[in-house]
Amino acid sequence: MSLTTLAERILSKLPARAAEAIYGGARRIPRVRRLLESEYTEMLDSAPIPNVPGDTAYEAIPGTPLSRDEIIAAVTALAGAEEDDGRQNRASGAVYHGGSDHIELLNEVYAINSQSNPLHIDLWPSAMKFEAEVVAMTAAMLGGEVTSDEIVGTVTSGGTESIIMAMKAYRDRAGVRRPEMVVPASAHVAFDKAAHYLGYKQIKVPVGPDYRADASAMARAVTRRTVVVAGSAPGFPHGVIDPISQLSDMARERGIGFHTDACLGGFILPWARRLGYDIPPFDFRLPGVTSMSADTHKYGYAAKGTSVVLYRGRELRHHQFYVAADWPGGLYYSPTMAGSRPGALVATAWASLLSMGEQGYLEATKAILETGAKVRAGVEAIPDLRVLGDPLWVIGFTSDAVNIYEVMARMSERGWSLNGLHHPPAVHMALTLRHTQPGVAEAFLNDLAWAVDEARKTGAEPQTGAAPIYGMAATFPARGAVGDLLRRYIDKIYEVRRR
Ligand SMILES: Cc1ncc(COP(=O)(O)O)c(C=O)c1O
């Protein structure tokens, strides 16, 4: 029996805190630590870290420069191999548009602007034009035009930075000692990261049986130190929309901020509503919503590396900014985390919004939601699978009969890359424009039915691919051990490997 299995057996009999404390104490003993390290190494050796073709690895800058042709040949070969294995078309989320004309447009816009940096507005005034217009267009899409308050914002590097920036703004505006944020357990981990970086106490409230935030329980979790409450439209794990209206009213009554995380849904839900879908209110049309995040690099179909964070009013946005009046390097201001920023990426976001237009977003949303309905019905029809909640296009499902991580591993054998979820063990498929192509939904459902049959044969214990690690991570009582394993996984992916 392996050390982890033994430890799991013992620790699982204890309350979580005790298990954590015992793990923390035991790993300080050198012999136990050595045993743990060898166990982690063994687990990670069997972890499927994707391989890169070719036998050249650079561990130092080459003495002789490579030619342009050599470099282009190397990156073309690497990108070609990634495209050839077809996973990009079969991944949950990840590639949101993928159409070659669209990508070529973004590439061209990037190339024209590749040196642009909004930090130097004197050199690249166009960078701020692009950014201001991306913010304005996103604000207008999310209810900015119907409210008397001005909706302002900035472009950030992605959903996580948008959320961290909003949380910083609330923290700094409130000036409360030991500030607290109240979020549903389904909120994106970016809120945990924000709490970690910004010194918040994070109160995570369990979701209801429909996987949506429990508004009454969240109201009860608010204390006099709470400076912000958040909900998702929709949440990453289960793709369901929280009761944003109730939550934001509750926050407003208490005079605190409310953030709608629409990183995933910001560029889908407004169009879904226009298409006649019954979408509950989630944006600035609700008076209690004081900030939002919406990702241009997801369903805005821009290149990777941009998101928009929006605020009701300039005063709140001021608390996001960093300014320095006394630095020997001169007067300095910076709207987001980074100093220098990639103006070219903002330009691709601007180009994406313009080239899609309302018509393009409506058509894309229609296709994605129709595929969502088809996939959801197909998953529900597979014996032993159960869809979680009431999703539209991010379809989460679990099973009471087969090991769902084994299903995920079998799907991987067929080239599908699903997201593994915890609490409860489940997986999800975030549908994108890639999956609206003819035959893709059908292929997904056929493969899924096969994967469930295969998983049925292997029994309860997950056997292949990443499944055993997911299985261990989902159940292992000492969460610190899972964290230690993940840190070593990061070490491993940073290793320069000769293949
Ligand atoms: C609801 C939600 N919020 C935040 C994020 C974080 O976005 P990013 O990965 O761009 O930092 C995601 C990412 O999937 C998300 O789905």
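Everything in this summary refers to the structure shown in the same document. (Residues numbered from 1 in each chain as written. Predicted model: local features only at pLDDT ≥ 70, side-chain atom pairs only at ≥ 80, totals over all residues. Heavy atoms only, no water.)

## Things to note about the site of the ligand
Turning to step 1, where the next piece is worked out: In the neighbourhood of the ligand, 13 residues make up the surrounding shell, with Gly-159, Thr-160, Asp-261, His-297 and Lys-298 lying closest.
Turning to step 2, where the next piece is worked out: Within the side chain of Lys-298, a nitrogen or oxygen atom sits 2.9 Å from an oxygen atom of the ligand.
Turning to step 3, where the next piece is worked out: Against a free-state accessible area of 390 Å², the protein chains account for coverage of 85% of the ligand.
Turning to step 4, where the next piece is worked out: A per-element tally of the shell around the ligand places helix 7 (residues 159-174) first, with three residues. (Near = heavy atom within 4 Å. Polar contact = N/O pair within 3.5 Å; in protein donor to acceptor, adjacent residues only side chain to side chain. Areas by Shrake-Rupley, 256 points an atom, 1.4 Å probe, with all protein chains shown as cover. Helix = DSSP H or I, 4+ residues; strand = E, 2+ residues; numbered from the N terminus.)

## Re the packing of aromatic side chains
Turning to step 1, where the next piece is worked out: Under the counting rule described, the total for this entry stands at nine aromatic pairs.
Turning to step 2, where the next piece is worked out: Relative to Tyr-299, the ring of Tyr-96 has its centre 4.8 Å away and its plane inclined at 80 degrees; by these criteria the two rings are edge-to-face. Here Tyr-96 is found in the loop between helix 4 (68-84) and helix 5 (100-113), whereas its partner Tyr-299 is found in the loop between strand 6 (291-294) and strand 7 (307-312), with 203 residues between them in sequence. Each of the two residues, Tyr-96 as well as Tyr-299, counts as buried.
Turning to step 3, where the next piece is worked out: Aromatic side chains Trp-416 and Phe-444 sit 5.1 Å apart centroid to centroid with 80 degrees between the ring planes, which places their arrangement in the edge-to-face category. Note that Trp-416 is positioned in the loop between helix 14 (404-413) and strand 12 (419-421) and Phe-444 in helix 15 (residues 440-458), a separation of 28 residues in sequence.
Turning to step 4, where the next piece is worked out: Note on Trp-416: relative accessible area 1%, which makes it buried. (Phe/Tyr/Trp six-rings, centres within 6.5 Å; stacked < 30°, edge-to-face > 60°. Buried < 20%, exposed > 50% of the residue type's maximum accessible area, 1.4 Å probe, protein only.)

## What about helix 8 (residues 189-198)?
Since the α-helix packs 3.6 residues into each turn, any two residues three or four apart lie on the same face.
Turning to step 1, where the next piece is worked out: Every buried residue of helix 8 is listed here: Ala-190, Phe-191, Ala-194, Ala-195 and Leu-198. Burial along helix 8 is one-sided: seen end-on, the buried residues are contained in an arc of 145 degrees. For helix 8, the exposed residues lying more than 90 degrees away from the buried face are Val-189 and His-196.
Turning to step 2, where the next piece is worked out: Looking at the buried side of helix 8, the elements it contacts are helix 7, strand 2 (180-184), strand 3 (201-205), strand 4 (226-232) and strand 5 (257-262).
Turning to step 3, where the next piece is worked out: One or two residues past the end of helix 8 sits Gly-199, with phi positive at roughly 75 degrees. (Arc of directions from axis to C-beta. Contact = heavy atoms within 4.5 Å.)

## Structural notes on the pairing of strand 6
Turning to step 1, where the next piece is worked out: Here strand 6 shows two buried faces, one formed by Ser-291 and Ser-293 and the other by Met-292 and Ala-294.
Turning to step 2, where the next piece is worked out: Handedness of the crossover joining strand 5 and strand 6 through helix 11 (residues 269-274) is recorded here as right-handed.
Turning to step 3, where the next piece is worked out: Sheet topology note: the strand 6/strand 7 ladder contains four bridges and is antiparallel. Following the sheet pairing, Ser-293 is matched in strand 7 by Val-309. (Right-handed = clockwise from strand over helix to strand, strands pointing away. Pairing = 2+ DSSP bridges.)

## So, the pairing of strand 7
Turning to step 1, where the next piece is worked out: Here strand 7 lies mainly inside the structure; six of its six residues are buried.
Turning to step 2, where the next piece is worked out: Neither face of strand 7 is open: one carries Ser-307, Val-309 and Tyr-311, the other Val-308, Leu-310 and Arg-312, and all of them are buried.
Turning to step 3, where the next piece is worked out: One ladder, built from six bridges, connects strand 1 (residues 151-156) with strand 7; its direction is antiparallel. Looking across to strand 7, one finds that Thr-156 is bridged to Ser-307.

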